[in-house]
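# Working through the structure, step by step
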Amino acid sequence: MSAPGEIGAFVVWDYLVFAGMLLISAVIGVYYAFAGGGQQTSNDFLMGGRRMTAVPVALSLTASFMSAVTVLGTPSEVYRFGAIFSIFAITYALVVIVSAEVFLPVFYKLGITSTYEYLELRFNKHIRLCGTILFIVQTILYTGIVIYAPALALNQVTGFDLWGAVVATGVVCTFYCTMGGLKAVVWTDVFQVGIMVAGFASVIIQASVVQGGINNILNDSYHGGRLNFWDFNPNPLQRHSFWTIIIGGTFTWTTIYGINQSQVQRYISCKNRFHAKLSLYINLLGLWAILACAVFCGLALYSRYHDCDPWTAKKISALDQLMPYMVLDILQDFPGLPGLFVACAYSGTLSTVSSSINALAAVTIEDLIKPHFPTLSEKALSWLSKGTSVLYGALCIGMAALASLMGALLQAALSIFGMVGGPLLGLFSLGIVVPFANSLGSFIGLVAGFVISLWVGIGAQLYPPLPERTLPLSLVTDGCNITNSDQGNWTMTTTEMPFSTSAFQIPNVERTPLMDNWYSLSYLYFSTIGTLVTLLVGIIVSLLTGGRKQSIENRFLLTKEDFLSNFDFLKKEKQDLNQQPYAMEDGGTLNPAFNHMEMNFTEGSGKTYGEHF
């Protein structure tokens with residue numbers, strides 16, 4: 001087995017592969033700008049004319065949330081804290097089921113462009129405005145991190161020009177979003193998923209070859225304590241345990257899949273509801289595949305560097321650089337492959353950023369412009385959508401400059417989603433699941449949830465939790481040929497450290513019980529707290545202010561029929577035999593308003609659900 005020696009550098013071929021990826025993405029944008037008569041209306045531009053089918057949408061959903069943060073963050077997470085991260089597979093399944101069965105039916109039957117339209121229909125326009133503004137702030141912040149993260153890691157390892165990369169990414173993205181609208185976004189995502197899988201595959205295959213087979217990798221990981229799949233410690237302060245990942249993770253990711261505009265916009269653009277649900281379930285397979293690749297890459301990292309950790313040996317300055325470091329280490333004899341990996345990380349970025357830009361444009365047009373200028377023509381709206389796309393592209397590049405001042409990536413990204421997404425998820429849940437919630441209750445709930453999540457989130461950034469809570473595993477540098485001997489035997493330990501030796505705090509701060517308990521909460525629970533506080537406060541205030549008296553139309557709520565209509569295809573076949581295909585529910589009345597709406601929807605798209613089997 002070759003010892004990790006000097007790592008390679010980027011060569012011309014690598015730059016060519018990378019440039020090719022950017023070029024193809026741009027070409028797809030140009031194609032959809034002119035294909036099929038171009039983007040005539042804002043509906044075409046923002047919703048793909050509501051004619052998308054399940055598979056491209058599913059791949060697109062997968063691509064957007066497998067950003068470079070995943071490609072670079074997850075493997076180093078596994079390297080540092082072990083494979084418990086793979087429990088997220090269960091979380092993803094729960095999230096997809098909740099999104100498809102709770103949120104999707106309501107959004108789909110209302111036929112809306114912006115998820116925040118729902119808030120106005122169900123509550124009032126002030127609440128819609130709150131939701132919209134929260135979303136815009138959250139997305140611009142997150143997009144900044146997503147553009148900056150890979151640029152930084154790749155720059156420090158490969159010498160790829162930092163701001164050149166940031167600006168190139170931002171410009172290409174903005175270009176194809178502005179030219180081609182949602183169709184371009186979806187199809188570039190499909191292309192980029194392909195690149196991501198190829199990038200991961202090349203790393204996994206070569207790592208297995210270099211380390212002498214998959215068994216060796218698993219063996220090293222096992223002896224290094226990296227295969228810690230089951231950890232049922234119920235303590236909510238521990239960063240990752242089975243419970244924090246299942247409960248906290250589900251809330252955090254539901255804010256992304258269930259109510260985040262950039263996701264919802266895609267599955268609502270499907271041509272009928274069957275395709276919309278199918279796209280979510282297919283996307284689950286994509287999420288699992290990429291999670292498996294990323295976790296395995298993390299184990300390969302550990303196997304490669306288990307006796308010489310490049311991070312403590314000061315060869316790299318942050319954990320996010322481990323993946324690019326290993327890529328240049330093991331793929332240096334294959335010109336073009338390191339470039340493919342960089343393209344893989346960037347594909348993640350491009351797809352996330354492009355969906356964010358498209359979603360921001362949609363929200364701005366639908367929530368901020370249309371209500372105030374109802375007379376605008378479709379042509380004008382289409383141009384406005386393009387203008388806002390350019391504007392948000394520029395803003396996101398600006399945010400990337402700010403992101404250069406923020407700390408660890410994966411956690412920063414998820415914390416932002418948690419702090420802002422949690423209260424929003426609570427707000428939508430109040431609307432969809434709680435029939436007696438009224439606008440006053442939901443507003444006070446939203447504010448309460450938001451204040452509390454910000455309090456925890458900002459506290460945790462200022463006073464990070466101690467190592468006993470985060471449980472990093474040991475990293476060893478014994479095997480490195482380091483010249484100065486004093487560094488050679490220094491290893492990181494994971495034994496319970498006494499409080500006094502913890503070197504990770506703002507200096508000279510007495511640890512108060514508030515910091516050790518409240519601020520040390522696992523970052524995955526930020527959104528859980530936000531959601532639950534919003535729900536609880538919302539329900540209590542609504543009940544106190546006469547929420548039971550108001551009558552809400554059924555179409556704004558999740559009804560029993562929404563679930564039963566999953567089985568429509570079973571009824572279709574029996575219809576010939578029997579005019580009343582199933583026993584009447586709820587005392588023998590079919591809800592006429594509801595059935596009538598379902599019929600319109602299926603005929604409107606010219607297809608019925610049953611035909612696709």
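Quick notes on the rules
Residues numbered from 1 in each chain as written. Predicted model: local features only at pLDDT ≥ 70, side-chain atom pairs only at ≥ 80, totals over all residues. Heavy atoms only, no water. Helix = DSSP H or I, 4+ residues; strand = E, 2+ residues; numbered from the N terminus. Buried < 20%, exposed > 50% of the residue type's maximum accessible area, 1.4 Å probe, protein only. Contact = heavy atoms within 4.5 Å. Areas by Shrake-Rupley, 256 points an atom, 1.4 Å probe, with all protein chains shown as cover. pLDDT = per-residue confidence, 0-100. Salt bridge = Lys/Arg side-chain N within 4 Å of Asp/Glu carboxyl O. Polar contact = N/O pair within 3.5 Å; in protein donor to acceptor, adjacent residues only side chain to side chain. Expected span 1.5 Å × (residues − 1). Bend = angle between axes of the 7 residues up to and from the residue. Phe/Tyr/Trp six-rings, centres within 6.5 Å; stacked < 30°, edge-to-face > 60°. Core = buried A, V, L, I, M, F, W, Y, C linked by side-chain atoms within 4.5 Å. Axes fitted to C-alpha atoms, helices over the stretch in contact; angles between N-to-C directions. Parallel < 35°, antiparallel > 145°, perpendicular 65-115°, else oblique. Left-handed = near helix turned anticlockwise from the far one by under 90°. Nonpolar A, V, L, I, M, F, W, Y, C, P; charged D, E, K, R; others polar.

Here we take up the overall build of the chain. Each helix and strand counted, the chain has 23 helices and 0 strands in total. Burial statistics for the chain: of 613 residues in total, 56% are counted as buried. If you take every contact in the chain between residues at least 6 apart in sequence, the share linking residues at least 24 apart comes to 86%. Of the roughly 24400 Å² that the chain leaves accessible, carbon and sulfur atoms contribute 67%.

What follows concerns the confidence of the model for the chain. The predicted model of the chain has a mean per-residue pLDDT of 80, with 84% of residues at 70 or higher. Counting contacts from residues 483-505, a segment whose pLDDT is below 50, to residues more than four positions away or on other chains yields 32 contacts. With pLDDT under 50 throughout, residues 574-613 is counted as low confidence; its partners more than four residues away or in other chains account for 49 contacts.

Opposite charge on two side chains permits pairing when their charged atoms draw close. Scanning the model with the defined rule gives 9 salt bridges in all. Its salt-bridge partner being Arg128, residue Asp367 comes within 2.6 Å of it at the nearest N-O pair. Placement of the pair is Asp367 in helix H14 (residues 337-369) and Arg128 in helix H7 (residues 125-158), with a sequence separation of 239 residues. Summarising the burial analysis for this pair, Asp367 and Arg128 share the class buried. Note that Glu366 and Lys370 form a salt bridge whose closest N and O atoms lie 3.0 Å from each other. Glu366 gets classed as buried once you look at its relative accessible area, which sits at 8%. Classification of Lys370 as partly exposed rests on a relative accessible area of 29%. Counted as one network, the salt bridges with shared partners bring together Glu120, Arg128 and Asp367.

Attention now moves to the environment of Thr244. Turning to its location among the elements, Thr244 is positioned in helix H10 (residues 242-257). On a C-alpha basis, the gap between Thr244 and Asn233 in space is 9.2 Å, while along the polypeptide they are 11 residues apart. Other than its neighbours up to four places away in sequence, Thr244 contacts Asn235, Pro236, Gln238, Arg239, Gly249, Ser522, Leu524 and Tyr525. There is a polar contact of 2.7 Å between the side chain of Thr244 and the backbone nitrogen of Ser241.

Take helix H8 (residues 162-210) next. Across its 49 residues, H8 extends only 30 Å between first and last C-alpha, which sits more than 12% below the 72 Å expected from 1.5 Å per residue. Taken as a whole, H8 carries its principal kink of about 125 degrees at Gly180.

Once that is clear, we can look at the packing of aromatic side chains. Taken as a whole and judged by the stated rule, the model has 20 aromatic pairs. Where Phe85 meets Phe88, the ring centres are 4.7 Å apart and the plane angle is 45 degrees; that geometry is what we call tilted. Overall, the relative accessible area of 1% leaves Phe88 in the buried class. Relative to Phe107, the ring of Phe103 has its centre 6.5 Å away and its plane inclined at 25 degrees; by these criteria the two rings are stacked. In this pair, Phe103 and Phe107 are both assigned in helix H5 (residues 88-110), 4 residues apart and thus about one turn of the helix distant. Both residues of the pair, Phe103 and Phe107, count as buried. Linked through ring pairs, Phe103, Phe107, Tyr116, Tyr118, Phe135 and Phe428 together constitute an aromatic cluster.

This next bit is on the environment of Val102. Within the element layout of this structure, Val102 appears in helix H5. On a C-alpha basis, the gap between Val102 and Gly258 in space is 8.2 Å, while along the polypeptide they are 156 residues apart. In contact with Val102, not counting residues within four places along its chain, are Ile97, Ile432, Val433 and Leu558.

Here we take up the nonpolar core. It is characteristic of soluble globular proteins that their nonpolar side chains tend to be buried jointly. Phe107, Tyr118, Tyr257 and Met323 are the most contacted members of the largest nonpolar core, which totals 151 residues. Looking at which element gives the most residues to this core, the answer is H8, with 17 residues.

Take unusual backbone geometry next. A positive phi angle, close to 65 degrees, is found at Lys314, a residue other than glycine. Tracing the chain through its elements places Lys314 in the loop between helix H12 (273-305) and helix H13 (322-330).

This part is about the environment of Leu227. Following the sequence through the fold, Leu227 ends up in the loop between helix H9 (214-223) and H10. Take Leu227: its relative accessible area is 27%, and that puts it in the partly exposed class. Sequence separation between Leu227 and Val78 is 149 residues, and the spatial gap between their C-alpha atoms is 9.3 Å. Excluding residues that lie within four positions of it along the chain, Leu227 makes contacts with Ala83, Leu218, Ser221, Tyr222 and Leu299.

This part is about the packing of H10 against helix H20 (residues 525-544). It is at 7 Å that the axes of H10 and H20 come closest, and there the two elements cross at 60 degrees. The angle between the axes of H10 and H20 places the two elements in the oblique class. Like other packed secondary-structure pairs, H10 and H20 cross with a definite hand, here left-handed. Side by side, H10 and H20 meet where Trp243, Thr244, Ile247, Gly248, Phe251 and Thr252 of the first sit next to Tyr525, Ser527, Thr528, Thr531 and Leu532 of the second. Here the contact of H10 with H20 is composed, by residue class, of 5 nonpolar, 6 polar and no charged.

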